[in-house]
Amino acid sequence: MKVSLAHRVLLVGFMGSGKSAVGRELAEQLGWRFEDIDEAISRDTGMSISEIFQDPGESFFRLEEHRKTREALNQDEVVIATGGGWAVVPGRFDEIPDSTLTIWLAVSPEEAIRRVADSENTRPLLSCSNPLEKARNLLKERSDSYSQAEHKVDTDGFSVEDVSVRILEILQANNPRNGME
């Protein structure tokens, strides 16, 4: 599906793919708002994602994730960073308005582990004895879901700015009258 006149950009991908960092940069470049769904859930609940996964649990988190994403998708001029598991819930891509450009930020399991190890956020799904193996398995399970996005942008070896420029190019190709020509 080709988007004519995108009003929002939705970023999907595995943890550590750069959804939050790229989303912030892209929103700044566009002069749009940025909505990080994980941050919005933490803000609303007063709990970290790790705390939510412990109690009340992942199912509560997924319900909140769905609700917050629907709210964001009802707005214009917003870049939305979903959580890494958002796309794997059946029917999620069916709920996206036509005027939304969807981008899969692709990352290798090795790069994802390196990036999340450098962050201060604890990733509940990687709290195990072999995080790289867990990341490989999760990414393999989720790739078909992520591939439902209209465009795939590789992030390994690229800076946040490089990835943002690539998305701007995609957006311009889909929005020739967006004022970015």
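Going by the structure above, here's the rest.
(A) Here's a closer look at the overall build of the chain. The helix and strand inventory of the chain stands at seven helices and five strands. Listed by position from the N terminus, the elements making up the chain come as β-α-β-α-α-α-β-β-α-α-β-α. Taking all contacts inside the chain whose residues are at least 6 apart in sequence as the whole, residues at least 24 apart take part in 74%. When the accessible surface of the chain is split by element, carbon and sulfur atoms take 46% of a total near 9,100 Å².

(B) Layout of the packing of aromatic side chains. Throughout the structure, instances matching the rule amount to three aromatic pairs. Each ring, one from F53 and one from F61, has its centre 5.2 Å from the other, and the planes form 45°; the classification is tilted. Comparing F53 with F61 shows no difference in burial state: the two are buried. Lying across the ring of W104, K152 places its NZ or CZ 4.7 Å from the centre.

(C) View of helix α7 (residues 160-174). For α7, which comprises 15 residues, the first-to-last C-alpha distance of 21 Å matches the rise-based estimate of 21 Å (1.5 Å per residue) to within 8%. Residues V163, S164, I167, L168, I170, L171 and N174 constitute the buried set of α7. Mapping the buried residues of α7 onto a view down its axis gives an arc of 160°, with all of them on the same face. On its buried face, α7 sits against β1 (8-12), α1 (19-30), β4 (100-106) and β5 (151-154).

(D) Expanded view of the sheet that holds strand β3 (residues 78-81). Overall, parallel pairing links the five strands, which are arranged β2-β3-β1-β4-β5 in an open sheet. Two strands bound the open sheet, and with one partner strand each, they are β2 (33-36) and β5. Averaged over all neighbouring strand pairs, the angle between strand axes comes to 25°, with direction disregarded. Where β2 lies against β3, four bridges are found, and the strand directions are parallel. Bridge pairing links E35 to I80 in β3. This element, α1, spans β1, β2, β3 and β4 of the sheet and lies at about 165° to β2. Along the sheet face, helix α2 (residues 37-45) touches β2 and β3 and points at about 70° away from the line of β2.

(E) Main features of the pattern of salt bridges. Evaluated as defined, the whole model comprises 17 salt bridges. Across the pair E35 and R33 runs a salt bridge whose closest N-O atoms are separated by 3.7 Å. A salt bridge links R114 to E111; the nearest nitrogen and oxygen atoms lie 2.5 Å apart. Taken together, the residues R114 and E111, both in helix α5 (residues 109-118) and three residues apart, mark about one turn of the helix. The class of E111 is buried, set by a relative accessible area of 16%. Through salt bridges with shared partners, a single ionic network connects D44, E64, R67, K68 and E71.

The rules we used
Residues numbered from 1 in each chain as written. Predicted model: local features only at pLDDT ≥ 70, side-chain atom pairs only at ≥ 80, totals over all residues. Heavy atoms only, no water. Helix = DSSP H or I, 4+ residues; strand = E, 2+ residues; numbered from the N terminus. Contact = heavy atoms within 4.5 Å. Areas by Shrake-Rupley, 256 points an atom, 1.4 Å probe, with all protein chains shown as cover. Phe/Tyr/Trp six-rings, centres within 6.5 Å; stacked < 30°, edge-to-face > 60°. Buried < 20%, exposed > 50% of the residue type's maximum accessible area, 1.4 Å probe, protein only. Lys NZ or Arg CZ within 6 Å of the ring centre and 35° of its normal. Expected span 1.5 Å × (residues − 1). Arc of directions from axis to C-beta. Pairing = 2+ DSSP bridges. Axes fitted to C-alpha atoms, helices over the stretch in contact; angles between N-to-C directions. Salt bridge = Lys/Arg side-chain N within 4 Å of Asp/Glu carboxyl O.

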